[in-house]
Amino acid sequence: MTGSESVPPASASVDTSRPHPARVYDWWLGGKDNYPVDEELARRILAADATAVRGARANRRFMHRAVRALAEAGIRQFLDIGTGIPTEPNLHQVAQAVAPEARVVYADNDPIVLRHAEALLHGSAEGSTDYVHADVRDPDLILRLAGESLDFGRPVALSLVALTHYLGDAADGDDVHGLLKRYTDVLAPGSFLVLSQVTPDLNPEAVGKAAELFGRSGTPFHPRSLTEFARFFDGLELLGPGVIPVTGWRPDPEDVAAQAEGIVPVYAGVARKP
Ligand SMILES: C[S@@+](CC[C@H](N)C(=O)[O-])C[C@H]1O[C@@H](n2cnc3c(N)ncnc32)[C@H](O)[C@@H]1O
């Protein structure tokens, strides 16, 4: 784990009385690191949106494809914010399978992810993996601690995969677009931004119901339209095929099969900083 300030306060213990996004997602992925409250919300959302499990799996596979593509393109530094509970293969395993010397820093604000940080830190001998316990809304802290392992003078792949829908707009006090710019502003030319996020465009009724269920459970949820999502990449050069439903981003055969099961309401995109 990197940096003393990444150690959470005692109050950051795991709260099993209400559902948490990382654990709900873990249930959809078939993981075991969730509690009855998480399973209950995951099942209720699944009842409202039958694509929730397929969407979570498709989203995870997008992360694998994007990271592999960037590692194959020569990227050797990765900053992954909103990492989630470890689910193999994790990002560092994908990156270091291509380039064992790749350096990876993970960040998440959920104490349960912190508990599993050890599992995230077993990287290749040549590369490095580190974990920062912090909120994405604190870019100064995350960038400073990540800077202990990453050289921001050289290209970095910054990923916030399935994270931005937990962040509000300026009117909600979050200003997620301004926040992302704080991160991309410090990246060197040749860096990349990797994003995915739930959208109401593709299944409005089900996604609206899911957002309502998340909100009522204490986790505000912000699905975004194609235009709002594409704005995250302003000033960057989108890689082909652009901003697209997640299963369509450079699909592997497994994703082609998943596409046949129907669309999932998640957009994805990868862009390069010129
Ligand atoms: C749906 S999971 C996505 C996990 C992983 N990125 C993936 O796509 O497989 C969202 C993650 O974002 C984290 N998260 C939510 N709000 C956050 C915040 N404000 N700061 C940091 N992490 C946050 C949650 O704890 C959870 O681990």
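Residues numbered from 1 in each chain as written. Predicted model: local features only at pLDDT ≥ 70, side-chain atom pairs only at ≥ 80, totals over all residues. Heavy atoms only, no water.

1. Description of the site of the ligand
Line of reasoning, step 1. Around the ligand, a shell composed of 18 residues is seen, among which Y25, N59, R60, G82 and D108 lie nearest.
Line of reasoning, step 2. Contact between the ligand and G84: an oxygen atom at 3.3 Å from a main-chain N or O atom of the residue.
Line of reasoning, step 3. In the model, a nitrogen atom of the ligand is placed 3.0 Å from a nitrogen or oxygen of the D135 side chain.
Line of reasoning, step 4. For the ligand, the protein covers 96% of the area, taking 600 Å² as the surface of the free molecule.
Line of reasoning, step 5. Counted by class, the shell around the ligand contains 8 nonpolar, 5 polar and 5 charged residues. (Near = heavy atom within 4 Å. Polar contact = N/O pair within 3.5 Å; in protein donor to acceptor, adjacent residues only side chain to side chain. Areas by Shrake-Rupley, 256 points an atom, 1.4 Å probe, with all protein chains shown as cover. Nonpolar A, V, L, I, M, F, W, Y, C, P; charged D, E, K, R; others polar.)

2. Describing the confidence of the model for the chain
Line of reasoning, step 1. In the predicted model, the chain carries a mean pLDDT of 93, and 96% of its residues have values of at least 70.
Line of reasoning, step 2. In this model residues 1-5 is a low-confidence stretch, pLDDT under 50, and it forms 16 contacts with partners more than four residues away in sequence or in other chains. (pLDDT = per-residue confidence, 0-100. Contact = heavy atoms within 4.5 Å.)

3. A word on the nonpolar core
Line of reasoning, step 1. Grouped together as the largest cluster of nonpolar side chains are 90 residues, with contacts concentrated most on W28, F78, L79 and I81.
Line of reasoning, step 2. Counting residues per element, this core draws most heavily on helix α3 (residues 52-72), which supplies 11 residues.
Line of reasoning, step 3. Leaving out residues up to four positions away in the same chain, F78 has contacts with V67, L70, A71, L91, A95, A102, R103, V104, V105, L150, V156 and A157. (Core = buried A, V, L, I, M, F, W, Y, C linked by side-chain atoms within 4.5 Å. Buried < 20%, exposed > 50% of the residue type's maximum accessible area, 1.4 Å probe, protein only. Helix = DSSP H or I, 4+ residues; strand = E, 2+ residues; numbered from the N terminus.)

4. Re the packing of helix α1 (residues 21-28) against helix α2 (residues 36-48)
Line of reasoning, step 1. Relative to each other, α1 and α2 sit at 65°, their axes nearing to 8 Å. The interaxial crossing formed by α1 with α2 has right-handed handedness. Side by side, α1 and α2 meet where R23, V24, W27 and W28 of the first sit next to V37, D38, E39, L41, A42, R43, I45 and L46 of the second.
Line of reasoning, step 2. Classifying every residue of the contact of α1 with α2 gives 8 nonpolar, no polar and 4 charged. (Axes fitted to C-alpha atoms, helices over the stretch in contact; angles between N-to-C directions. Left-handed = near helix turned anticlockwise from the far one by under 90°.)

5. Quick notes on the pattern of salt bridges
Line of reasoning, step 1. Applying the stated criterion to the full structure yields 16 salt bridges.
Line of reasoning, step 2. For D255, the salt bridge goes to R61, with nearest N and O atoms at 2.7 Å. Taken as a pair, D255 in helix α11 (residues 253-260) and R61 in helix α3 lie far apart in primary sequence, 194 residues in all.
Line of reasoning, step 3. Note on D255: relative accessible area 1%, which makes it buried. (Salt bridge = Lys/Arg side-chain N within 4 Å of Asp/Glu carboxyl O.)

6. Things to note about unusual backbone geometry
Line of reasoning, step 1. In this structure, the amide linkage connecting E88 to the following residue, P89, adopts the cis form with an omega of -5°.
Line of reasoning, step 2. Turning to its location among the elements, P89 is positioned in the loop between β1 (77-81) and α4 (91-98).
Line of reasoning, step 3. Backbone torsion omega between G240 and P241 reads 5°, so that peptide bond is classified as cis.
Line of reasoning, step 4. Along the chain, P241 falls in the loop between β6 (237-238) and β7 (244-245).
Line of reasoning, step 5. Even without glycine at this site, A162 takes up a positive phi of about 55°.
Line of reasoning, step 6. Among the structural elements, A162 can be located in the loop between β4 (157-161) and α8 (176-186).
Line of reasoning, step 7. Exposure remark for A162: the relative accessible area of 17% places this residue in the buried category.

7. Re the environment of T129
Line of reasoning, step 1. Residue placement: T129 occurs in strand β3 (residues 128-133).
Line of reasoning, step 2. Using a relative accessible area of 9% as the deciding quantity, one classes T129 as buried.
Line of reasoning, step 3. Measuring from C-alpha to C-alpha, the distance between T129 and F229 comes to 29 Å, with 100 residues separating the pair along the chain.
Line of reasoning, step 4. Apart from the residues lying within four places of it in its own chain, the contact partners of T129 are H92, Q96, V104, L120, L121, H122 and G123.

8. Here we look at the pairing of β1
Line of reasoning, step 1. Judged by how many residues are buried, β1 sits mostly within the fold: 5 of 5 residues are covered.
Line of reasoning, step 2. As paired elements, β1 and strand β2 (residues 103-108) share 5 bridges and run parallel to each other. Across the sheet, residue I81 finds its bridge partner in β2, namely A107.
Line of reasoning, step 3. Taken together, the 3 bridges between β1 and β4 define a ladder with parallel strand orientation. (Pairing = 2+ DSSP bridges.)

9. A short note on α2
Line of reasoning, step 1. Between its first and last C-alpha, α2 extends 18 Å over 13 residues, near the 18 Å set by a 1.5 Å rise per residue.
Line of reasoning, step 2. Listed in full, the buried residues belonging to α2 are D38, L41, A42 and I45. Looking down the long axis of α2, one finds its buried residues gathered within 100° of arc, a one-sided arrangement. Pointing more than 90 degrees away from the buried face of α2 are the exposed residues P36 and A47. (Expected span 1.5 Å × (residues − 1). Arc of directions from axis to C-beta.)

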